[in-house]
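Topology and contacts: notes
Residue-level listing of the chains:
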Amino acid sequence: MSAAEAVRMVRRQNGEKMDIQVLIRKLVSYGVQTGLVPEEDVIYTTNRLLELFELDELEERDNVTMREDELEEVLKGMLDYAYEKGILKENSVVYRDLFDTKIMSMLMPRPSEVIRHFHELYEQVSPEAATDYYYKLSRDSDYIRRYRICKDMKWVAPTKYGDLDITINLSKPEKDPKAIAAAKLAKQAGYPKCLLCRENEGYAGRVNHPARQNHRIIPVTINGSQWGFQYSPYVYYNEHCIVFNSQHVPMKIEHATFCKLFDFVKQFPHYFVGSNADLPIVGGSILSHDHFQGGHYEFAMAKAPVEKNFSVAGYEDVDAGIVAWPMSVIRLSGMDTDRIIALADVILNKWREYTDEEAFIYAYTDNEPHNTITPIARKRGDKFELDLVLRNNITTEEHPLGVYHPHAKLHHIKKENIGLIEVMGLAVLPARLKGEMAHLKEAILAGKDLRADEELAKHADWVDEFRPKYDAITVENIDGIVEKEIGLVFMQVLEDAGVYKRTEEGQKAFWEDNQGGSSYLEGAKFELPEEYASASKALEAGNVYCPWNEWGDAASAHETYGTEMQSYLLGEQDLDTTLKNVDSAVKELLEK
């Protein structure tokens, strides 16, 4: 800690407040350092801040500078001043957030300036240079509140499917009771219609809608339609962006969705982009406004390999396979996105209507559709990839929140819907877990009865399950153990959300053309295991003999007949030899 930082800390501890004149100069200095405020706009920006704080003049102050990491402290001082002077009517977090967004808006360039500079960088330098500029702007403007994001708890949990990302979201502030009461009494305005509408840009906000005066949107054209490009204010991963329809229309997974995803990836090849599903339970939190999410990040699912390759008749030029992932994922890959999209259309349309009662997959119940897809597009080297995650939102009395949703035994950690981000391998866990896990660790180390604790009782069965796995749980290892076990719970959450379970029966149901079912993989041809290599020619030619095996003494004769016939079909022996060998086996059986 520097001497200046130490002095500031002492002043804060003593309740000493920073002079508003100093705060204004500091914020303008911050604007210049970050590039938000050009030198030509310094006086203009200063005067706007003076007006905001109802001041008539700027007083002289010597050597006022500001580091970027002081932003939270400077805004806090300004908010305290505004409340003391009656400029800020309420002092709760909701009202303070509304006002500090207004403060930061004084530093912001107009939307047209941001758009123009973005396109200059895109065309003259690179798409990545353009997004770098825009991401930095979104952070420097405090639209992305870095000092809150850094409070999120994050770690990586190793599992058999790869390293899963775990985060406990602490960056969304809790509303105080007064703000909640005010929100209930507030008029239910229809402007903007939702948090994703383009009308949010520059909006002052209200108690039940966040301020967005420091927010800027980049217009993009994808698949011939107008969309907006922005970053998520909560940044769950690097450069977490949102791409949204300029019209307030509901989510829909269709042919045009695949076209739009690839069009965006072609324009920004360093980003992946995906869509939430379009049905409740398996969809995102905002189904009323068509949108995608993307970013500059590689999730565990993207790293997961294909474990079973197949080809589909008529689409042999598209690489296809089932991904080694807890959910049910088909990966399509190729150079030609039109061909990938054509096959994706086939799979989507088949899956929409697909029912397999033995696997408890129903396309409809009482005319209500259940099957949909979560698609994710990316570019990998010279090829394009499209991951199709099969989803189903059926509910039962046993699982009222969804059969393919986190089951009740996991709700102590994760109860919320499994959307696009979780599907790809990043757990967004509720803020309550920070306190609960801290108390749980203390209780475990102290040997307390968890079931006697109202807060911790819901975790008791889970602790009983994992405790025997460890020789000893100590102060030194308990943090790692709890993080690891939370990761394994999230792995089970994803397995619950998978329509085809990671069992032998579940995986066979996934890729086999089920008798009596309307398989969405009709016409698919899977690569066979190495054991079938010797019979590959016969299988490819369709010369396959499959005897009806019977239990009992006759089984050996049927097995010999099958083996001998395969040898004949492969051209390894003539028919006369084949029949003699079969006769010999039958004779041996009859003589027993």
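These notes cover the structure that comes with them. Predicted, not measured: the structure shown is a model, and the values here were computed from it.

This part takes up the overall build of the protein. Counting its secondary structure elements, the protein contains 20 helices and 16 strands. For the protein, buried positions account for 49% of its 592 residues. Across the protein, every contact between residues at least 6 apart in sequence was considered, and the portion connecting residues at least 24 apart equals 63%. Carbon together with sulfur atoms contributes 50% to the accessible area of the protein, which is approximately 29600 Å² in total.

The next point concerns a nonpolar patch on the surface. A contiguous nonpolar surface patch, about 240 Å² in accessible area, is contributed by Y568, L575 and L579. Along the chain, Y568 turns up in helix 19 (residues 555–569). Taking the relative accessible area as the measure of exposure, Y568 reaches 32% and is therefore partly exposed.

Once that is clear, we can look at the nonpolar core. In terms of nonpolar packing, the biggest core is built from 92 residues, with L27, F53, I103, F229 and L332 touching the most fellow members. In contact with I103, other than residues within four places in its own chain, are L27, L49, L52, F53, L75, M78 and L79. Grouped together as the second largest cluster of nonpolar side chains are 53 residues, I168, I413, L420 and M491 included.

On to the packing of helix 10 (residues 255–267) against helix 12 (residues 337–352), then. Running from amino to carboxyl end, helix 10 crosses helix 12 at an angle of 150 degrees, the nearest separation of the two axes being 9 Å. Between helix 10 and helix 12, the interaxial angle falls into the category roughly antiparallel. Relative to helix 12, helix 10 is oriented so that their crossing is right-handed. Residues H255, F258, C259, F262 and K266 of helix 10 form the contact with helix 12, whose participating residues are T337, I340, I341, A344, D345 and L348. Counted by class, the contact of helix 10 with helix 12 contains seven nonpolar, two polar and two charged residues.

So, about a negative patch on the surface. On the surface, a cluster of negative charge is made up of E39, E40, D41 and E113. Its location among the elements puts D41 in the loop between helix 2 (20–34) and helix 3 (42–52).

A word on the pattern of salt bridges. This structure, assessed with the given rule, holds 36 salt bridges. Here E59 makes a salt bridge to R61, at a shortest N to O gap of 2.9 Å. Salt-bridge contacts for E504 lead to K508; the nearest nitrogen and oxygen are separated by 3.5 Å. Pair noted here: E504 and K508 are both in helix 17 (residues 504–511), with a separation of four residues, about one helical turn. One connected set of salt bridges, linked through shared partners, spans E298, R331, R378, R380, E385 and D387.

Another aspect to go through is the sheet that holds strand 15 (residues 426–429). Taken in spatial order, the three strands of this open sheet run 1-2-15, and their pairing is mixed. At either end of the open sheet lies a strand with only one pairing partner, and these are strand 1 (153–159) and strand 15. On average, each strand axis in the sheet is inclined to that of its neighbour by 20 degrees, with strand direction left out of account. Where strand 2 (residues 162–168) lies against strand 15, four bridges are found, and the strand directions are parallel. Across the sheet, T167 pairs through a bridge with V428, a residue of strand 15. In this fold helix 16 (residues 478–497) packs onto strand 1, strand 2 and strand 15, with an angle of close to 70 degrees to the strand it touches most, strand 1.

About the cut-offs
- Residues numbered from 1 in each chain as written.
- Predicted model: local features only at pLDDT ≥ 70, side-chain atom pairs only at ≥ 80, totals over all residues.
- Heavy atoms only, no water.
- Helix = DSSP H or I, 4+ residues; strand = E, 2+ residues; numbered from the N terminus.
- Buried < 20%, exposed > 50% of the residue type's maximum accessible area, 1.4 Å probe, protein only.
- Contact = heavy atoms within 4.5 Å.
- Areas by Shrake-Rupley, 256 points an atom, 1.4 Å probe, with all protein chains shown as cover.
- Patch = residues over 30% accessible without salt bridge, like charges linked within 9 Å, V, L, I, M, F, W, Y side chains within 5 Å.
- Salt bridge = Lys/Arg side-chain N within 4 Å of Asp/Glu carboxyl O.
- Core = buried A, V, L, I, M, F, W, Y, C linked by side-chain atoms within 4.5 Å.
- Axes fitted to C-alpha atoms, helices over the stretch in contact; angles between N-to-C directions.
- Parallel < 35°, antiparallel > 145°, perpendicular 65-115°, else oblique.
- Left-handed = near helix turned anticlockwise from the far one by under 90°.
- Nonpolar A, V, L, I, M, F, W, Y, C, P; charged D, E, K, R; others polar.
- Lys, Arg positive; Asp, Glu negative; His and termini not counted.
- Charge placed at Lys NZ, Arg CZ, Asp CG, Glu CD.
- Pairing = 2+ DSSP bridges.

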